[in-house]
Amino acid sequence: MAHLLVVESWVGSMSRLLPRALEEGAHHFTFLTRDLHHYLRSAPEGAGHPLLTARNVVTAPTNDIGTLLPQVERLHHALRFDGVVTSCDYYLPAAARIATLLGLPGPSAAAVESACRKDTTRRVLAAAGVPGPRFAVCADGAEATAAARDIGYPLVVKPVDLCAGMLVRRVDGPEQLAEACRALAAFPHNARGQRRTPHILLEEFLRGPEVSVETVTCRGVAHVVGVTDKSVGGAPAFVETGHMFPAALAPDDLADVTGTALRAGAALGLDDVVAHTEIKLTADGPRVVEVNPRPAGNRITELVRHVTGIDLAAACIDVALGREPDLVRRDTGLRSAAIGFLVPDVAGTLASVEGADAVRGAEGVLEVQVAEAGRTVEVADSNNAYLGHVMAGDPTGLGARNRVEALLAGVRPLLVRS
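Residues numbered from 1 in each chain as written. Predicted model: local features only at pLDDT ≥ 70, side-chain atom pairs only at ≥ 80, totals over all residues. Heavy atoms only, no water.

- By the naming in an unreviewed UniProt entry, the chain is ATP-grasp domain-containing protein, taken from Streptomyces atroolivaceus.

So this is what it looks like as structure tokens:
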């Protein structure tokens, strides 16, 4: 049993996984937030509200690291923490800084900050010879226009400090590039009220299937838990439409992508961390898309547990406590698990989702979730726009993706057009 400081969490699928891992580990936690009202809404589906189990809830300026650190230090003297965690990308650097200040286990703050800034990641990996796209970091649209001529169209425009695919766009010419740059300039703060860095990252457009490598590094030893495949749609945005674990890769490709992910983590100096490294399998070999110093989101962590019995949320807590994580594979009865998302391609108001009830009782289904009627729907331009999902497993082989796609074909959102 340990006492953890949890900083600004409960987002996405981790809103269920982190509380479950804390409970299953018999841990206590103190919750730190700048805005408690952000969390006073409905609990994650099928769970009680995570804050009901907190030992303490403390309001603190989590967006002002200079003011926050001395306050947390005083809090530590009173409450004594054994580790620091967060499930929100925007507070991963703060959690690492806090752990360093308090002398607690965890990855170095410099490594986490480098991984969380896409432009810094690109520079570090390029210097280490880890393969990635050609890229340029630009201060404004004028610099981006000049850099685009060197990289060549099509290319990808990215913010350097957002997550979930927000404002990531493929652009095929100068007019689309200018529009993407204007969109970035019009978004000066992230969803947690933090001021964004206004830099623009341009990258060569990489062709080929995308996978992610799920790893756990502890005391200098990196463990590959497995590789997940990804389906991406929503052009010109990059919206993840589904995943399967494990990915159906040839042995040589599997060795190449896992080796590339391990080199990327080592180049960034990531240790005592669970990581999710996204890689494109191009005709010229694997290329790193990005490195995330936290467990995979978008239900991938749940797919891994369904197939292997390994709980990456629990591993995240273990490494934050300086403990060896349990990475022993168990027979779960499944050889693969997959998820497919309901991705809206028209705007309107959600009237209902047809077919969901029939799918819930189908063979192999692990989870079905759909949005409630009355929700305002926009055309998906990031991973934040889903209307639901279907998750299923295959006990015999790598057929989970086909099973999910067949089931999802019977689920249809009905919208009243705006």
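Once the structure has been displayed, the description carries forward.
**Considering the nonpolar core**
So, step 1. With 36 residues, the main nonpolar core has Leu5, Leu32, Val84, Ile98, Val157, Leu177 and Leu202 as its most contacted residues.
So, step 2. The next biggest cluster of nonpolar side chains, apart from the first, holds 24 residues, and it includes Val239, Ala315, Ala337 and Phe341. (Core = buried A, V, L, I, M, F, W, Y, C linked by side-chain atoms within 4.5 Å. Buried < 20%, exposed > 50% of the residue type's maximum accessible area, 1.4 Å probe, protein only.)

**Thoughts on the pairing of strand β6 (residues 155-159)**
So, step 1. For β6, a buried count of five out of five residues is recorded, marking the element as mostly surrounded by other parts of the structure.
So, step 2. Bridge analysis of β6 against strand β7 (residues 169-171) gives three bridges, and the strand direction is antiparallel. Looking across to β7, one finds that Val157 is bridged to Arg169.
So, step 3. Two strands pair when backbone bridges link them, and β6 and strand β8 (residues 200-204) are joined in this way by five bridges, in the antiparallel orientation. Looking at β8, one finds that Leu155 is bridged to Glu204. (Helix = DSSP H or I, 4+ residues; strand = E, 2+ residues; numbered from the N terminus. Pairing = 2+ DSSP bridges.)

**Quick notes on the pattern of salt bridges**
So, step 1. The final tally for this structure, using the stated rule, is 26 salt bridges.
So, step 2. Residues Glu203 and Lys158 are paired through a salt bridge, measuring 3.1 Å at the closest nitrogen-oxygen approach. One end of the pair, Glu203, is in strand β8; the other, Lys158, is in strand β6, with 45 residues separating them in the sequence.
So, step 3. Taking relative accessible area as the criterion, Glu203 reaches 5% and is therefore assigned buried.
So, step 4. Residues joined in a network through salt bridges with shared partners are Arg16, Arg299, Glu302 and Glu367. (Salt bridge = Lys/Arg side-chain N within 4 Å of Asp/Glu carboxyl O.)

**Brief notes about the sheet that holds strand β2 (residues 28-33)**
So, step 1. In space, the four strands of this open sheet follow the order β3-β2-β1-β4, with parallel pairing throughout. With partners counted over all chains shown, the strands left at the sheet margins are β3 (56-59) and β4 (83-85), one partner each. Averaged over all neighbouring strand pairs, the angle between strand axes comes to 25°, with direction disregarded.
So, step 2. In the sheet, strand β1 (residues 3-7) pairs with β4 via three bridges, with the strands oriented parallel. Its bridge partner being in β4, Leu5 is matched across the sheet by Val84.
So, step 3. Helix α10 (residues 312-320) contacts β1 and β4 of the sheet and is inclined by roughly 140° relative to β4. (Axes fitted to C-alpha atoms, helices over the stretch in contact; angles between N-to-C directions. Contact = heavy atoms within 4.5 Å.)

**What to know about the packing of helix α3 (residues 92-102) against helix α4 (residues 109-116)**
So, step 1. Orientation of α3 relative to α4, taken along the N-to-C sense of each, is 175°, at an axis distance of 8 Å. If you check the angle between α3 and α4, you find them roughly antiparallel. Facing Leu92, Pro93, Ala96, Arg97 and Thr100 of α3, the residues of α4 in contact are Ala109, Val112, Glu113 and Cys116.
So, step 2. When its residues are assigned to classes, the contact of α3 with α4 shows six nonpolar, one polar and two charged. (Parallel < 35°, antiparallel > 145°, perpendicular 65-115°, else oblique. Nonpolar A, V, L, I, M, F, W, Y, C, P; charged D, E, K, R; others polar.)

**Overview of unusual backbone geometry**
The phi torsion of most residues other than glycine is negative, and most of the peptide bonds are trans.
So, step 1. The peptide bond linking Tyr153 to Pro154 adopts the cis configuration, its omega dihedral lying at -5°.
So, step 2. Residue placement: Pro154 occurs in the loop between α6 (141-151) and β6.
So, step 3. Geometrically, the link from Ala235 to Pro236 is a cis peptide bond, its omega value of 5° lying close to zero.
So, step 4. Topologically, Pro236 is positioned in the loop between β10 (221-233) and β11 (239-245).
So, step 5. Even without being glycine, Glu8 reaches a positive phi, approximately 40°.
So, step 6. Topologically, Glu8 is positioned in the loop between β1 and α1 (14-24).
So, step 7. Phi angles above zero are rare outside glycine, and Leu167 is one such case at about 60°.
So, step 8. Residue Leu167 is classed as buried on the basis of its relative accessible area, which comes to 18%.

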